[in-house]
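Spelled out from the first residue to the last, the chains are:
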Amino acid sequence: MPDREPPANRAGSYRPPAPAPADLIAWPADFGTRFTVFVDTEEEFDWNAPLSRDSRATTAVQALPSAQARFAAAGVPLNFMIDHPIVSDPAAVDILRTILAQGNATIGTQLHPWVNPPFDEAVTPYNSFPGNLPPALEAAKLDVLTTAIAGAFGTPPIAYRAGRYGIGPQTIGLLAARGYRIDSSMRSRYDYGGEGGPDFAAIGNAPFRVSGMIELPLTTIFTGLLRRAGQPLYGRLGKLPRGRGLFARTGLLARVALTPEEMPIADALEAVRIALGEGAPLLNFSFHSPSLVPGHTPYVRDLADLAAFDCWWDRMLALLDSCGARPIALTDLVATAG
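Residues numbered from 1 in each chain as written. Predicted model: local features only at pLDDT ≥ 70, side-chain atom pairs only at ≥ 80, totals over all residues. Heavy atoms only, no water.

(A) Spatial organisation of empty space enclosed by the protein. According to the stated counting rule, one finds 2 cavities of 30 Å³ or more in the structure shown. In this structure, the second largest cavity encloses a volume near 30 Å³. Surrounding the second largest cavity, L51, P113, W114, E121, A122, V123, T124, N127 and S128 form its lining. Class assignment of the residues belonging to the lining of the second largest cavity gives a composition of 5 nonpolar, 3 polar and 1 charged. (1 Å grid on protein atoms, 1.4 Å probe; cavity = no way out; pocket = protein on both sides within 12 Å on 5 of 7 lines; lining within 4 Å. Points joined across faces, edges and corners; volume = space filled by probe spheres on them. Nonpolar A, V, L, I, M, F, W, Y, C, P; charged D, E, K, R; others polar.)

Have a look at this one:
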């Protein structure tokens, strides 16, 4: 589904609290600046149509080897967060096994509940956030997917992302009980409450510990002359007609997520320079696998969009390299966090 934020928060949506200072991960002195890249590896569907259990095509995985090669040439490991249609497709699994054999990638879990059995819920926008499901049903879907991934790749996954960033109050406990070590479901400073999803307004970019897990939020950076006002001002602007757009266009305040999808490269480069200048130890990037093939997402509609997508990464990786920011694999991240 599109990542655009709904206009208003739904009462009762899950709002993870900001972590306590003691829960923030203290990286070693020689950690420097690191970054990760997550690929939401999923089926293709019409992002403008209602969700359907019948949308399970996985043809875009054929583009994964070439994408992997581009990132591997830059020394960047990719973290493929795969869902049920992907792990259920033998051809997709074979492609990912070949990538894993090259030693520069990790397989994780992404739960899209509407295409992940058991199918005991109605297909609705509210139920598309897995954390909104009854705990027993969320657990059952997670068990099906975790078992399938472990069986397909010979090792249980340690990292998780809820589809649509749809973490709920019971999710972390369910993950910890199943041996997961990392959750990356929280999208810093975004609010999906308009459809009943979670509200991450209180969540910053710093990784933290929660219930024995490492929470690795997707990085969001405020830019512009008023960027230090950050989330409080951005929240107030959301209550004004076109307030956020006006402030972004005039260079006063913009919210930039680290993804090539709907984030212009100039804005993203500025955001990264700000983050590095402020000493951010870890940046978390992401994109959807269907964006590697034109026509599957609203972000890459044609060959020109795909060329821009590739150029985005070329320029971003060049900046990170010039600034001394180094990629880190998830296993090394877990070991370093202690």
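The discussion continues.
(B) Summary view of the pairing of strand β2 (residues 78–82). When you tally the buried positions in β2, you get 5 out of 5 residues, the bulk of the element. Taking every second residue as pointing to the same face, both faces of β2 are buried, with L78, F80 and I82 on one and N79 and M81 on the other. Alignment of strand β1 (residues 34–41) against β2, held across 5 bridges, turns out to be parallel. Paired with V37 across the strands is L78, a residue of β2. This β-α-β element, β1 to helix α1 (residues 64–73) to β2, shows right-handed connectivity. Pairing of β2 with strand β3 (residues 105–111), which is carried by 5 bridges, proceeds in the parallel orientation. If you follow I82 over to β3, its bridge partner there is T109. (Buried < 20%, exposed > 50% of the residue type's maximum accessible area, 1.4 Å probe, protein only. Helix = DSSP H or I, 4+ residues; strand = E, 2+ residues; numbered from the N terminus. Pairing = 2+ DSSP bridges. Right-handed = clockwise from strand over helix to strand, strands pointing away.)

(C) Spotlight on the layout of surface pockets. Of the volumes computed, that of the second largest pocket is approximately 450 Å³. Lining the second largest pocket are 22 residues, and of these R189, N205, T220, I221 and E278 lie nearest its centre.

(D) The arrangement of helix α8 (residues 265–277) in detail. Over its 13 residues, α8 extends 18 Å from the first C-alpha to the last, a length consistent with the 18 Å expected when each residue adds 1.5 Å. When α8 is considered as a whole, its buried residues turn out to be I265, A268, L269, A271, V272, I274, A275 and L276. Looking at the buried residues of α8, the elements they touch are β8 (220–223), β9 (254–257), β10 (282–288) and α9 (303–322). Following α8 by one or two positions, G279 has its phi on the positive side, about 85°. (Expected span 1.5 Å × (residues − 1). Contact = heavy atoms within 4.5 Å.)

(E) Inspection of the side chain of S13 at higher detail. In this fold, S13 is placed in the segment before β1. S13 gets classed as buried once you look at its relative accessible area, which sits at 7%. Not counting residues up to four positions away in its chain, the partners in contact with S13 are G193, G196, G197 and D199.

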